[in-house]
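Observations on the three-dimensional arrangement
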Amino acid sequence: MELGLDTRLTLLAAGLIFLLALLLGVWKYHQMHTSPNHLAHPYVDIAHRSALLYSFATLLVSAFVELSDWPTAANATCAGILVFFFVAAIGSYIVHGARRDTTNQFERPDAALRVAMIALVVGEIGAFAVLLAGFVSAQIL
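Quick summary incoming for the structure in this document. (Residues numbered from 1 in each chain as written. Predicted model: local features only at pLDDT ≥ 70, side-chain atom pairs only at ≥ 80, totals over all residues. Heavy atoms only, no water.)

Secondary structure assignment for the protein yields four helices and zero strands. Each helix (α) and strand (β) of the protein, taken in turn from the N terminus, gives the series α-α-α-α. Summarising its shape, the C-alpha atoms of the protein cover approximately 55 × 35 × 20 Å along the three principal directions. Across the protein, the fraction of contacts at a sequence separation of at least 24, relative to all contacts at a separation of at least 6, is 80%. Put simply, the protein shows about 8,400 Å² of open surface, and 71% of that area lies on carbon and sulfur atoms. Positive and negative side-chain charges in the protein, numbering 7 and 9 respectively, have mean positions lying 14 Å apart. (Helix = DSSP H or I, 4+ residues; strand = E, 2+ residues; numbered from the N terminus. Contact = heavy atoms within 4.5 Å. Areas by Shrake-Rupley, 256 points an atom, 1.4 Å probe, with all protein chains shown as cover. Lys, Arg positive; Asp, Glu negative; His and termini not counted. Charge placed at Lys NZ, Arg CZ, Asp CG, Glu CD.)

On to the side chain of Ser55, then. Relative to the assigned elements, Ser55 resides in helix 2 (residues 42-66). With near-sequence residues (within four places) excluded, Ser55 lies in contact with Ala14, Ile17 and Phe18.

Moving on, we get to the environment of Glu107. You can see Glu107 is positioned in the loop between helix 3 (72-99) and helix 4 (111-139). Judged by its relative accessible area of 53%, Glu107 falls in the exposed class. (Buried < 20%, exposed > 50% of the residue type's maximum accessible area, 1.4 Å probe, protein only.)

Moving on, we come to a nonpolar patch on the surface. Residues Leu5, Leu9, Leu11, Leu12, Leu16, Phe18, Leu19, Leu22, Leu23, Phe56 and Leu59 make up a contiguous nonpolar surface patch of roughly 1,000 Å² in combined accessible area. Only helix 1 (5-34) and helix 2 provide two or more residues apiece to the nonpolar patch. If one sorts the elements of the nonpolar patch by residue count, helix 1 sits on top with nine residues. Checked against the element boundaries, Leu16 lands in helix 1. (Patch = residues over 30% accessible without salt bridge, like charges linked within 9 Å, V, L, I, M, F, W, Y side chains within 5 Å. Salt bridge = Lys/Arg side-chain N within 4 Å of Asp/Glu carboxyl O.)

Okay, the packing of aromatic side chains next. The tally for this structure, following the rule as stated, stands at six aromatic pairs. Ring centres 5.2 Å apart and planes at 70° place the aromatic pair Phe64 and Phe135 in the edge-to-face group. With a gap of 71 residues between them, Phe64 in helix 2 and Phe135 in helix 4 connect regions that are remote in the sequence. Under the relative-accessibility criterion, Phe64 is labelled buried at 16%. (Phe/Tyr/Trp six-rings, centres within 6.5 Å; stacked < 30°, edge-to-face > 60°.)

Here we take up the environment of His41. Inspection of the secondary structure assignment puts His41 in the loop between helix 1 and helix 2. In this structure His41 comes out as buried when scored by relative accessible area, which is 9%. With 55 residues separating them in the primary sequence, His41 and His96 have C-alpha atoms 9.0 Å apart.

Our focus in this paragraph is the pattern of salt bridges. In this structure the tally under the stated criterion is four salt bridges. Between Lys28 and Asp45 there is a salt bridge, with its nearest N and O atoms 2.5 Å apart. Here Lys28 is found in helix 1, whereas its partner Asp45 is found in helix 2, with 17 residues between them in sequence. Residue class for Lys28 comes out buried when judged on its relative accessible area of 14%. A salt bridge links Asp101 to Arg99; its shortest N-O distance comes to 3.9 Å.

Right, here's the structure in full:
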């Protein structure tokens, strides 16, 4: 069985996000080891956990990409949108963990955060809905 380019790229993204999760685990462990209370900063913990979860979410996305009825470009675009928002979220957690500037980024949300959250909701739900529809078209109907 040969996987489509869209699926291979999505699987690569899943692997890279998982690798990032493992590296973030080292950072988390270091903070736990050196902290007086043996806890990592909340956003270091969130970055680590979200990277683990997003790596498996991306793996799930790759299955829908491979089994979709839509053209490679459409599937790759949808997967790319999802991966972009997954990585952007992890990146924002890493920034907050490195800066130690907050324990809740929604405590004082600005306009940029509101716009980013709307884009994330529309992008993630929309992109996955397209992939799910492609799966239903190819595998159910």
